[in-house]
Amino acid sequence: MADQPIIKLRDGNMMPQLGLGVWQASVEEARNAALKALEVGYRSIDTAAIYENEEGVGQALQQTDVARENIFVTTKLWNEDQLNWQQAIESSLKKLQLEYVDLYLMHWPCPEKDNYVKAWQGMIELQQQGLTKSIGVCNFQEKHLKRLIDETGVTPVINQVELHPMLQQRELHAWNAMHQIQTESWSPLAQGGKGVFDRDVIKQLAKKYGKTPAQVVIRWHLDSGLVVIPKSVTPSRIEENFHVFDFRLEKTEISEIAKMDSGTRLGPHPDELN
Ligand SMILES: NC(=O)c1ccc[n+]([C@@H]2O[C@H](COP(=O)([O-])OP(=O)(O)OC[C@H]3O[C@@H](n4cnc5c(N)ncnc54)[C@H](OP(=O)(O)O)[C@@H]3O)[C@@H](O)[C@H]2O)c1
């Protein structure tokens, strides 16, 4: 299989373009999924304090033969802890059995509470303490990002947002790119492919390349320059989702998938979650 693509973040750190997500997995499922993923070649795992499965990821990191420095671990600062960043990261690190994470993300801006600039200043301190290599955000829109940059001078390396063929976020992706902020797709498979895997364009491309609809969708994220973290706790799917480095979509095929954008959100709008 061809080598997996690695992205250089704006702070110089390197991140695999494809990783495993573990939202909604139990501790045991997260451990088994992470172990399986590391065995088939994944080198990036995305968890969060609120997923309550950091212990499971930590157990997998202890059990695997893959060296710590070769694994990119992401976790997230939960909304209730925005002003409690120090204890929050220390609690996550304890559960993960790690001295540092590779990426710490603010989970949501929660604009009504208006604490996200302060929380970002806290995250800058955590990076200076060496508790996280890189810092970024999730679910930020242009206006939220502008405030962080204007008021702290520090630009997030990542903006992780809901992104799949039904919600392509092209304007935000372009704005992020202009500021060297890497866009990362959450719910990249539209949470199991409903409304995506059964569309003719996806089915035809799957047939053409001898791939599954999920593989075509993951390839679309990669070919669109996105970091992508499909979640699965099913060993065969974890493997399937990684076997995407031996084909590429053509520009015209990407344009066909562009027509699937209906602005359909599966999760909350960032302005409405507080
Ligand atoms: N920052 C945020 O606010 C935020 C929000 C949501 C998610 N995330 C992150 O993004 C990750 C991915 O998003 P997600 O979990 O919402 O959804 P997703 O990755 O789009 O879809 C996951 C669902 O698809 C199924 N699936 C996986 N591979 C498949 C395949 N090859 N064929 C058919 N079905 C397949 C999984 O089932 P099985 O597990 O049963 O195999 C699961 O039900 C999360 O795990 C989390 O790490 C972040």
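Residues numbered from 1 in each chain as written. Predicted model: local features only at pLDDT ≥ 70, side-chain atom pairs only at ≥ 80, totals over all residues. Heavy atoms only, no water.

**Q** Explain the pattern of salt bridges to me, and be specific about the residues and the numbers.
**A** Applying the stated criterion across every chain, the model contains 15 salt bridges. Arg 68 serves as the salt-bridge partner of Asp 102, at 2.9 Å between the closest nitrogen and oxygen. In this pair, Asp 102 is assigned in strand 6 (residues 101-106) and Arg 68 in the loop between helix 2 (54-63) and strand 5 (72-77), connecting sequence segments 34 residues apart. Through salt bridges that share partners, Lys 36, Glu 39 and Glu 239 make up one connected network. (Salt bridge = Lys/Arg side-chain N within 4 Å of Asp/Glu carboxyl O. Helix = DSSP H or I, 4+ residues; strand = E, 2+ residues; numbered from the N terminus.)

**Q** Outline the nonpolar core, supporting the account with residue identities and numerical values.
**A** With 73 residues, the main nonpolar core has Tyr 104 and Met 106 as its most contacted residues. If one sorts the elements of this core by residue count, helix 4 (residues 116-128) sits on top with seven residues. Excluding its chain neighbours within four sequence positions, the residues that come into contact with Tyr 104 are Thr 75, Lys 76, Leu 77, Trp 85, Ala 88, Ile 89, Met 123, Leu 126, Thr 132, Ser 134, Ile 135 and Gly 136. (Core = buried A, V, L, I, M, F, W, Y, C linked by side-chain atoms within 4.5 Å. Buried < 20%, exposed > 50% of the residue type's maximum accessible area, 1.4 Å probe, protein only. Contact = heavy atoms within 4.5 Å.)

**Q** Would you mind going over the packing of helix 8 (residues 200-209) against helix 9 (residues 213-223) in detail, with residue names and values included?
**A** In the contact formed by helix 8 and helix 9, the axes pass within 8 Å of each other and the chain directions differ by 100°. As judged from the angle between their axes, helix 8 and helix 9 are roughly perpendicular. In this structure, helix 8 uses Ile 202, Leu 205 and Ala 206 to contact helix 9, whose residues at the interface are Pro 213, Val 216 and Val 217. Its residues assigned to classes, the contact of helix 8 with helix 9 shows six nonpolar, no polar and no charged. (Axes fitted to C-alpha atoms, helices over the stretch in contact; angles between N-to-C directions. Parallel < 35°, antiparallel > 145°, perpendicular 65-115°, else oblique. Nonpolar A, V, L, I, M, F, W, Y, C, P; charged D, E, K, R; others polar.)

**Q** Outline the site of the ligand, listing residues and values.
**A** Near the ligand there are 29 residues, and of these Asp 46, Ser 187, Leu 189, Ser 232 and Thr 234 occur at the shortest range. At a separation of 3.0 Å, a nitrogen atom of the ligand approaches a polar side-chain atom of Glu 240. For the ligand, the protein covers 88% of the area, taking 910 Å² as the surface of the free molecule. Among the secondary structure elements, those contributing two or more residues to the shell around the ligand are helix 7 (190-193) and helix 10 (235-242). Across the shell around the ligand, the residue classes tally to 14 nonpolar, ten polar and five charged. (Near = heavy atom within 4 Å. Polar contact = N/O pair within 3.5 Å; in protein donor to acceptor, adjacent residues only side chain to side chain. Areas by Shrake-Rupley, 256 points an atom, 1.4 Å probe, with all protein chains shown as cover.)

**Q** Quick one: what's the story with the state of the cysteines, residue by residue and with numbers?
**A** The tally for this structure, following the rule as stated, stands at zero disulfides. You can see Cys 110 has no disulfide; the closest cysteine sulfur is in Cys 138, sitting 11 Å from it. The exposure class of Cys 110 is buried, given its relative accessible area of 0%. (Disulfide = S-S within 2.5 Å.)

**Q** So what's going on with the pairing of strand 5? Which residues, and what values?
**A** A large share of strand 5 lies buried, amounting to six of its six residues. With three bridges joining them, strand 4 (residues 44-46) and strand 5 adopt parallel strand pairing. Looking at the pairing, Ile 45 lines up with Val 73 of strand 5. Both strand 5 and strand 6 contribute to a ladder of four bridges, which runs parallel. Bridge pairing in strand 6 links Thr 75 to Tyr 104. (Pairing = 2+ DSSP bridges.)

**Q** Requested: an account of the packing of helix 2 against helix 3 (residues 85-96), with residues and values cited.
**A** A packed helix pair is summarised by two numbers, namely the angle formed by the two axes and the spacing between the axes. Two elements in contact, helix 2 and helix 3, have axes whose closest approach is 7 Å; the angle formed by their N-to-C orientations is 45°. When the axis of helix 2 is compared with that of helix 3, the two are oblique. Here Glu 54, Glu 55, Val 57, Gly 58 and Leu 61 of helix 2 lie close against helix 3, whose contacting residues are Ser 92, Lys 95 and Leu 96. Looking at the contact of helix 2 with helix 3 residue by residue, the class counts come to three nonpolar, two polar and three charged.

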